[in-house]
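Listed here are the chains, written in short residue letters.
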Amino acid sequence: MKRIHLEIALGTLFVIASAVLLIIMASEEPARLARFEVEQRAEQIEFGALVFETNCTNCHGSHAQGIPGKAPCLKCPEFFSDRLGEVGWGGSLEDYVVSVVTTGRQVSTRPALYQGEGTGVPVMPTWSDQFGGPLREDQIRAVAAFIVNFESWAAEPEAPEAYPTPLFSVDVNDPIAVGRVAFVQYGCVGCHTVEGLSTATTGPVMNGIATRAAIREGYESAEDYILTSIQNPGDYVVEGFNDGVMPINFGEIISEEDLTNLLAFLMTLTEE
Amino acid sequence: MISSLRQRLRSIPRGPELRKMIWEMIDNRVRIITAGLSMKELRAVLRGDPPTEKPNPRYKVITTSFIAHLRPRYYPLGATWFTHTFRLGWMTTFFFVVEVLTGLILMVYYIPFPDQAYGSILEIESNVFLGELFRDLHRLGAEAMVLFTWLHLFRTYFTGSYKGARTFTWLTGVALLAITAWLSFTGYLLTWDQLGYWAITVGSSMAESGPVLGPAMNLVLRGAPDIGTGGLLRFYLNHVILFPLIAILVISIHYYKVSREHGISLPADIEEGNASDQRKKEANRRIDLIPDLLSHELFLTSIGILALLAIVYFDWFNSPLETHANPQATPLDTKAPWYFWWLQGLLKIDPAKILENLINPILAAPLFVNMGIKPLELSLLLNSKFIMGLVVPPVVVGLLFAIPYIDRNPARLARKRPFAILWGIAWVFILLALSYMGLPEYGIETPPATRVIQDLAPEEGMGILRETPYEELIPGIYTVGETNPEEICGSDFTYTSSQTGEQVIGCAHLVEVFTEYSEGLLAAEEDGLLPDLHAIMLIERYGPDLKRVGLDVSWTDEATGETKTYTKHYFLHAERSLEE
Ligand code: HEM
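Residues numbered from 1 in each chain as written. Chains lettered and ligands numbered in written order. Predicted model: local features only at pLDDT ≥ 70, side-chain atom pairs only at ≥ 80, totals over all residues. Heavy atoms only, no water.

Caption draft 1: Representation of the sheet that holds strand E6 (residues 534–543) of chain B within the structure. Residue and element names in this part refer to chain B. Within the open sheet, the four strands sit side by side as E3-E6-E7-E8. Their pairing is antiparallel. Each edge of the sheet is formed by a strand with only one pairing partner; in this case those strands are strand E3 (476–479) and strand E8 (563–573). For this sheet, the mean angle separating the axes of adjacent strands, direction not counted, is 15°. Bridge count between E3 and E6: four bridges; the pairing is antiparallel. Residue pairing in the sheet places Ile477 in a bridge with Leu538 of E6. Helix H23 (residues 508–526) contacts E3, E6 and strand E7 (546–556) of the sheet and is inclined by roughly 150° relative to E6. (Pairing = 2+ DSSP bridges. Helix = DSSP H or I, 4+ residues; strand = E, 2+ residues; numbered from the N terminus. Axes fitted to C-alpha atoms, helices over the stretch in contact; angles between N-to-C directions. Contact = heavy atoms within 4.5 Å.)

Dropping the structure here:
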């Protein structure tokens, strides 16, 4: 056989092999497309979680559980069942989230619950870079995917997964360390600055609170003042802040034990 | 009217006459289409028979057809020996054609605007039938084309084929190298992911460092001080219109020179060596383009196509797509594509430092100090980005252009040009060494905690943490130095993999992740880099089918005595892909 014949024969074989490969790929393509879409959604949710963690936890809580008085829970059953009806939104929940996050809210639709920091400051800022915010459209879509993903938990509020393990590794026998975690978990970080932990300005800076508390008039002790401030914020309103901003129901939400730990933590924040 | 029609009808012959007439008509058409081959001739070509007419009609094709006229009628056999050309130039052409064809398809779906570009790539992968295949082919073809261009350059250099009449071929070749590099460089940005965006930002920032014209050059290139809408559009137009056209033009000239003007060189030992007469005779035998060379090239094409498809099908190559470009966040390891590592390596050389280190010890001698001479401060004068990015590469390209003029030695045999051969080998090693220096790991100090975590789960790409199956991410707090990796889960821990459907015992992936994490950090602690190390890995549920892995390292900073921390959070979803 001459070389040219061998090459024509082999070449034909290779072309047939290529065609077979192509046919196999084409037949597997619908499955691949479907799988890619699922994986793509999964990665979008992961990305959205990261966007949420960096931008939203200050107000909506470390796990989207909401911070009373600051911003609503975004994974609770009511959000999935009632919210669209309340605001009269005709589209899907995901689109609602995209729209709210894109534009932000100048004033709350529930002013009694979320007062914000007074007029002139939006209760939730604009997020879209179209309007001067920091997020791109794909980031907003991702964060919406992340929030909507909570739906299955919301439908089963008792699901054990609904309760995340603690945020930091701490010695559970150390009340100060556990109190620090509670300060994050109950969302106090959403309103109060503690150096090295949070930078919020809705409420007074917490550094030095132990020293300040000791000289507030009308209270038995520093501990007494701090406890009262948490359980009944209206009892003494700090100058420069409004009454009714700090939620009044912490007394009911926070367990006795956590309250003791919180107090222990706050008492370490003395003026230098 | 009618009578004239009748007359014409009557003039049509019947029977065998008619058959002959129809045959001639068809034959004529075929000759026109094939630019010279009759039906009989075609048959002979396919069977490998000798030409049926004289003069050889197969040569006529080459003079009549525009496309075929870029090719010669025949080569001397020796010029086409595999061990002489290795088909490297041909392969480069093949990949260029692959790029053009797959590129045309991608162009239909790609949108060259910053807020849609990345999404359109995702769309190609998730919603276009065989879209991923075309993307992979285009990317693979691009890398192959760059590789084969370089190999081809070295081949023609080592066989001394750039000498004499072939000088101009070499010059067009160097232009093609630059064009190929520019095509791949501009294409790299189009995905608009972190990888491309930052590689191109770093790469094009060289333009900015130029004196006087630098900022203007930067503006022309990027359309704005930073790469944005204008920059992407410019890169896109360069990539899909301007440079493909230029490439087609220059490749055609290159081909024309090679095939029409002076042919491919013969192996040096035939031209000037002491090859046996028989070998010389064999080498000078003609090999016709039609049918021998053409069928050979079609054969190579079939190999090329099969190889490309197989590589993609068996997942040996995957086009990367990292996260969306973010001008605000430079990723930790900006990585140019491998064929630009040499340039990245070049940029890490700081000529000012080297000169200072060389000269200043001498200037420190009492003699000079007494004369009032101060140590040199060269960094202002010799900006490394400018020298290494804007001066050195053009000088290298200039040198490449000049090679036929510098090397006036007419001999082509390696034996007779030892210096040129050594010089070429040295260049191979210089390129390899520079490429090695261009690796993101080389010469860039990353703080130890950052490095360990970056190796586990790089900012861009996979890493072993992201490859861990969701089921193995057992919620809990694992403390470095305290938690024994082997005890994270016992053999009683089993799960059914949602990816493969198989029953898996234990959590080998998680153990591996934690072991690497612990060992990396503990080694750094031992080296005194992380005193008072306290590090944890915390896994918690963060949403339905979503877990958060927190890596949290704290240590005491030697200098200030302060506690430092480095924390990274990763979110992993049950349905994520565990492969790149
Ligand atoms: C897009 C890139 C290029 C393409 C498509 C291309 C294509 C070709 C082809 C098909 C040949 C015929 C011989 C062979 O297959 O080896 C050839 C020959 C040649 N090429 Fe290239 N080439 C390219 C780049 C270069 C470069 C970068 C150089 C060197 C700077 C170069 C220098 C030469 C020379 C000197 C010859 C003549 C070789 C001989 O006569 O033996 N080419 N080129």
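The rest of the description comes next.
Caption draft 2: Highlighting the side chain of Arg135 of chain B. Residues and elements named next belong to chain B. Among the secondary structure elements, Arg135 is positioned in helix H8 (residues 131–158). Polar contacts involving the side chain of Arg135 include one to the side chain of Glu125, which spans 2.3 Å. Here Arg135 is in contact with Leu106, Ile121, Glu125, Thr191, Ser319, Pro320 and Leu321, once residues within four sequence places are set aside. (Polar contact = N/O pair within 3.5 Å; in protein donor to acceptor, adjacent residues only side chain to side chain.)

Caption draft 3: Expanded view of the environment of Lys280 of chain B. Residue and element names in this part refer to chain B. Looking at the element boundaries, Lys280 is found in helix H14 (residues 277–284). Along the backbone, Lys280 and Ile270 are 10 residues apart, and their C-alpha atoms lie at a distance of 5.7 Å. With sequence-adjacent residues up to four places away left out, Lys280 is seen in contact with Asp269, Ile270, Gly273 and Ala275.

Caption draft 4: Just the nonpolar core, in detail. Residue and element names in this part refer to chain B. Ranked by internal contacts, the top residues of the largest apolar core, which has 44 residues, are Trp170, Leu189 and Trp192. Of all the elements in the fold, those that place two or more residues in this core are helix H7 (114–127), H8, helix H9 (167–190), helix H10 (194–208), helix H12 (229–261), helix H16 (341–347), helix H19 (384–406) and helix H20 (418–437). The biggest single contributor to this core is H9, with eight residues. Domain assignment of the residues forming this core places at least three in each of domain 2 (88–287) and domain 3 (338–437). Contact partners of Trp170, with chain neighbours within four places excluded, come to Leu153, Thr156, Tyr157, Tyr162, Leu400, Phe401, Ile403 and Pro404. (Core = buried A, V, L, I, M, F, W, Y, C linked by side-chain atoms within 4.5 Å. Buried < 20%, exposed > 50% of the residue type's maximum accessible area, 1.4 Å probe, protein only. Domains from an automatic or database assignment.)

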